[in-house]
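Structural overview for review
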Amino acid sequence: MIRDKSTTKPAKDAPKKGASKKDAAKKAAPAKAAKGAAIKAPAGRKGAIIAVASPSFRRERALIKRGVWPVAGCDEAGRGPLAGPVVAAAVILDPDRIPRGIDDSKRLTAEEREKLFDKICATAQVSVAVASRSRIDRDNILRASLWALKRAVVALPDAPRHVFVDGRDRLDTACDCEAVIGGDGIVLSIAAASIIAKVTRDRLMCALAQDCPGYGFEQHKGYAVPEHLDALDRLGPTVHHRSFFAPVAAARAKHMPWTVEPVRDLFAVTEVEVQVEASVEIDASAGL
């Protein structure tokens, strides 16, 4: 009689006799997520975790192997707020002394950013440029940001031969410039620059809070949070607010209406007085 071995031999992954369900669950558990930040999945995928890789030095190292050095990364902080300047930073990391923990500044706590700020400044070449509120009002926020980024690159102690910049727009620099969308989460030099720019701007906004009490600059750093919008509505804008951002313009119209220029109606009908000089009749027979 031939017996079916599949009915007598236990399955390879089946728990052994006497083993607890807990041990079986551990054996079936998936491997640990890759190194990097972990964020929750979208609402439709409950319980799932998506691993987000940390920025790397891979692109910079590839350029070094080709003999291209120095390589800089640059980023800005403060394009979205209603008040304060835009701060841009450029960083050339030392390949032999890269501080651990560098990441996109948005993924770090304020305490982590402060510690990394000191470490980056102690081991790398760093420069900072600031575009003031008046420049933002004059040039618009995009042009002011690009101006500050270029100034930060030019201000580096050693002129870079290649620049990585966060975003879509390349800079008009003397060397090659490569725009990387989401670069602060991909390129380590850009991530380092994002930390320098963020910490520098946060410190500037805390200083402005001393001159403008009641707005909460030290808390929200000028962003359009409910507390800031409420202060704008109650107190009106300061000299540090960006004039052409909609909430600021509305607050100015409420508190300082005399500063708002009236809008001309292009379709209004107005009477225009036209003077016509009398024409001189010329006798054709005169032969003139």
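Just so it is clear, the model here is predicted, and its values are computed rather than measured.

If you trace the 5 strands from one edge of the open sheet to the other, you get 5-4-3-6-7, paired in mixed fashion. For this open sheet the edge positions go to strand 5 (125–131) and strand 7 (176–180), each flanked by a neighbour on one side alone. Between one strand axis and the next, the sheet turns by 20° as a mean value, whatever way the strands run. In this sheet, strand 6 (residues 162–166) lies alongside strand 3 (residues 71–77) in parallel orientation, the contact comprising 4 bridges. In the sheet register, Gly 73 faces strand 6, and the bridge partner there is Phe 164. Set on the sheet, helix 6 (residues 141–154) makes contact with strand 3, strand 4 (86–92), strand 5 and strand 6; between it and strand 5 the angle comes to about 150°.

Of note, Thr 200 is situated in helix 7 (residues 188–211). Residue classification places Thr 200 among the buried positions, given a relative accessible area of 18%. Only 2.7 Å separates the side chain of Thr 200 from the backbone oxygen of Ile 196, close enough to count as a polar contact. In this structure, Thr 200 is in contact with Val 87, Phe 117 and Val 128, ignoring residues within four places of it in sequence.

Mapping Phe 57 onto the fold places it in the loop between strand 2 (49–52) and helix 3 (58–65). Residue Phe 57 is classed as buried on the basis of its relative accessible area of 7%. Along the sequence, Phe 57 and Ile 186 sit 129 residues apart, while their C-alpha atoms lie 8.7 Å from each other. Setting aside residues up to four positions removed in sequence, Phe 57 forms contacts with Ile 64, Leu 93, Pro 95, Ile 98, Leu 188 and Ser 189.

The next point concerns the side chain of Lys 221. In this structure, Lys 221 sits in the loop between helix 8 (217–220) and helix 9 (226–235). Among the polar contacts listed, one links the side chain of Lys 221 to the backbone oxygen of Glu 218, at a separation of 2.6 Å. Those residues within four positions of Lys 221 in sequence are excluded, and the remaining contacts are Pro 81, Ala 83, Arg 201, Asp 202, Met 205, Cys 206 and Gly 216.

On to the pattern of salt bridges, then. Proximity of charged atoms lets side chains of opposite charge pair with each other. As enumerated under the stated definition, the model contains 14 salt bridges in all. We note a salt bridge from Lys 106 to Asp 104, for which the minimum N-O separation is 3.2 Å. A residue is classified by how much of its surface remains accessible, and Asp 104, at 7% relative accessible area, is buried. Note that Lys 106 is salt-bridged to Asp 184, the shortest N-O span being 2.8 Å. Separated by 78 residues along the polypeptide, Lys 106 in the loop between strand 4 and helix 4 (110–123) and Asp 184 in the loop between strand 7 and helix 7 bring together distant segments of the chain. For Lys 106, a relative accessible area of 63% translates into the label exposed. Owing to a relative accessible area of 8%, Asp 184 belongs among the buried residues under this scheme. Salt bridges linked by common partners bring Asp 104, Lys 106 and Asp 184 together as one network.

What follows concerns the nonpolar core. Cys 74, Ala 90, Leu 149, Val 153, Val 163, Val 165 and Leu 171 are the most contacted members of the largest nonpolar core, which totals 25 residues. Of all the secondary structure elements, the ones that give two or more residues to this core are strand 3, strand 4, strand 5, helix 6, strand 6 and helix 10 (246–255). For Val 153, the residues in contact, after removing those within four places along its chain, are Cys 74, Ala 90, Ser 127, Pro 160, Val 163, Leu 171 and Thr 173. Formed by 20 residues, the second largest nonpolar core is a distinct cluster that contains Phe 57, Leu 188, Ala 191 and Ala 193.

All right, on to the UniProt feature "binding site: a divalent metal cation" (unreviewed entry) in the protein chain then. Look at the UniProt record and you will see "binding site: a divalent metal cation" (unreviewed entry) annotated at Asp 75, Glu 76 and Asp 166. These annotated residues cover 92 residues of sequence, but their C-alpha atoms sit close together, with the largest distance between any two at 8.1 Å. Asp 75 has contacts with Val 87, Ala 88, Ala 89, Leu 149, Asp 166, Asp 184, Ile 190, Ala 193, Ser 194 and Ala 197, leaving out every residue within four places of it along the chain. For Asp 166, the location among the structural elements is in strand 6. Excluding anything up to four places from it in sequence, Asp 166 contacts Cys 74, Asp 75, Val 180, Ile 181, Gly 182, Gly 183, Asp 184 and Ile 190.

Criteria and thresholds
Throughout this document, residue positions are counted from 1 along each chain, in the order its sequence is written. Local features in this predicted model are restricted to residues whose pLDDT is 70 or higher, and side-chain atom pairs enter the listing and the counts only when it is 80 or higher, whereas totals over whole chains, interfaces and linings include all residues. Hydrogens are left out, water is left out, and the side-chain values use all remaining heavy atoms of the structure. A strand pair is defined by DSSP finding two or more bridges across the two strands. The numbering of helices and of strands both runs from the N terminus, where a helix is a DSSP run of H or I of at least 4 residues and a strand a run of E of at least 2. All axes are obtained by fitting lines to C-alpha atoms, using only the stretch in contact for helices, and the reported angles, taken between N-to-C directions, cover 0 to 180 degrees. Between two residues, a contact is recorded if the distance between any of their heavy atoms is within 4.5 Å. Whether a residue is buried, partly exposed or exposed follows from its accessible area with a 1.4 Å probe, protein chains only, as a fraction of its type maximum: under 20%, in between, or over 50%, in that order. As used in this structure description, the phrase polar contact means that two N or O atoms lie within 3.5 Å; if the pair is within protein, one of them must be able to donate a hydrogen and the other to accept it, and residues adjacent in sequence are counted only when both atoms belong to side chains. For salt bridges, the criterion is a side-chain nitrogen of Lys or Arg within 4 Å of an Asp or Glu carboxyl oxygen. Nine residue types can take part in a nonpolar core, namely buried Ala, Val, Leu, Ile, Met, Phe, Trp, Tyr and Cys, and a core is a set of them joined through side-chain atoms within 4.5 Å. UniProt positions are given in the numbering used here, feature names are shortened, and annotations may be inferred rather than shown by experiment.

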